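These are the residues of each chain, in order.
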Amino acid sequence: MSLDEMRQSYKLGRLEEKDIAADPLVQFRTWLAEAIQGSPAQGPLPDWVEANAMTLSTSDGQGRVSSRIVLLKGLEDDQFWFYTNYQSHKAGQIRSNPNVSLCFLWPHVQRQVRIEGTAAQASREQSVRYFRSRPRDSQLGALVSQQSTVVDSRGVLEKRLEELKNRYADKEIPCPDDWGGYRVSPSRFEFWQGRDSRLHDRLCYRQQGSQWIVERLCP
Ligand SMILES: Cc1cc2nc3c(=O)[nH]c(=O)nc-3n(C[C@H](O)[C@H](O)[C@H](O)COP(=O)(O)O)c2cc1C
């Protein structure tokens, strides 16, 4: 494998000002639906691709940045929703700095979407509602894992899981107090469509008062 020889040509689509929605949320929903559908050139999206996976970047008060994948679980009230542990590394960073970015990569349609915004905790009611909709295994997993803390071994987690499975055998599993949603309110979007000769299309939306301004950026 030679990294310097790995390259793709991007010819699947184009993004023009005349075709883009005035509202970036409408544009995002269209692209998300198309990413889930797959491309005519490459067929439907395989089951194992999670089109709702996004890179969430957070930073602390000193400018240290960290990124990880989380799953988009809702697009409500024009906000992007994801769920996590409120004691995790990311949650600590969001507490010190609510500015975050989200990045979706959809290579099968040669698209990327970048979003900048601020994150705020969802209501307890919303978090509990979503927690209850999850499969029991995922509910137990959230209870077992003190996300981002050091654990002596995998065995410790498996033992905890068995104990909790027995404890809640025929009972409702409670949503942990330190687990729940975040909603990201967007203030900037960039829609990127790969093009020939690396002259990719980049259309950005930035907020001016209650208006969204669309601008093209050099690739
Ligand atoms: C495909 C995929 C989906 C994931 N979805 C989530 C998620 O929705 N919520 C979450 O807390 N972690 C999710 N993770 C795990 C995170 O990437 C990360 O390991 C975890 O949240 C701890 O991050 P932190 O220590 O920076 O807080 C996912 C990982 C992958 C690869």
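Everything below is about the structure printed above this text.
Predicted model, so just to flag it, every value in this text is computed and none were measured.

1. Brief notes about the side chain of Gln 110
The residue Gln 110 is located in the loop between β5 (99-106) and β6 (111-121) in this model. Judged by its relative accessible area of 8%, Gln 110 falls in the buried class. If we ignore the near neighbours within four places in the chain, the residues touching Gln 110 are Ser 9, Tyr 10, Lys 11, Leu 12, Trp 192, Gln 193 and Gly 194.

2. Digging into the site of the ligand
Near the ligand you find Glu 50, Arg 68, Ile 69, Val 70, Leu 71, Tyr 83, Thr 84, Ser 88, His 89, Lys 90, Gln 147 and Ser 148, and these make up its full shell. Arg 68 places a side-chain nitrogen or oxygen 2.9 Å from an oxygen atom of the ligand. In the model, an oxygen atom of the ligand is placed 2.6 Å from a nitrogen or oxygen of the Thr 84 side chain. Relative to its unbound accessible surface of 620 Å², the ligand loses 62% to contact with the protein. Sorting the residues of the shell around the ligand by element identifies β2 (65-71), β4 (79-85) and α2 (89-96) as the ones contributing at least two each. It is β2 that provides the largest number of residues to the shell around the ligand, a total of 4 residues.

Rules and cut-offs
Numbers given to residues run from 1 along each chain, matching the order in which its sequence is written. Residues qualify for local features only when their pLDDT is at least 70, as the model is predicted, and side-chain atom pairs are given and counted only at 80 or more; totals for whole chains, interfaces and linings, by contrast, use all residues. Hydrogen atoms and water are omitted, and side-chain values are computed over all heavy atoms in the structure. Under the scheme used here, helices are H or I runs from DSSP no shorter than 4 residues and strands are E runs no shorter than 2 residues, and both carry numbers assigned from the N terminus. Partly exposed residues are those whose accessible area sits between 20% and 50% of the maximum for their type, while under 20% is buried and over 50% is exposed, using a 1.4 Å probe and protein chains only. In what follows, a contact means two residues having at least one pair of non-hydrogen atoms within 4.5 Å. One heavy atom within 4 Å of a molecule or strand is enough for the residue carrying it to be called near that molecule or strand. In the analysis that follows, any N or O atom pair within 3.5 Å is treated as a polar contact, provided that within protein one partner can donate a hydrogen and the other can accept it, and provided that, for residues neighboring in sequence, both atoms belong to side chains. To be clear on the numbers: accessible area is Shrake-Rupley with a 1.4 Å probe, and residue cover counts the displayed protein chains and nothing else.

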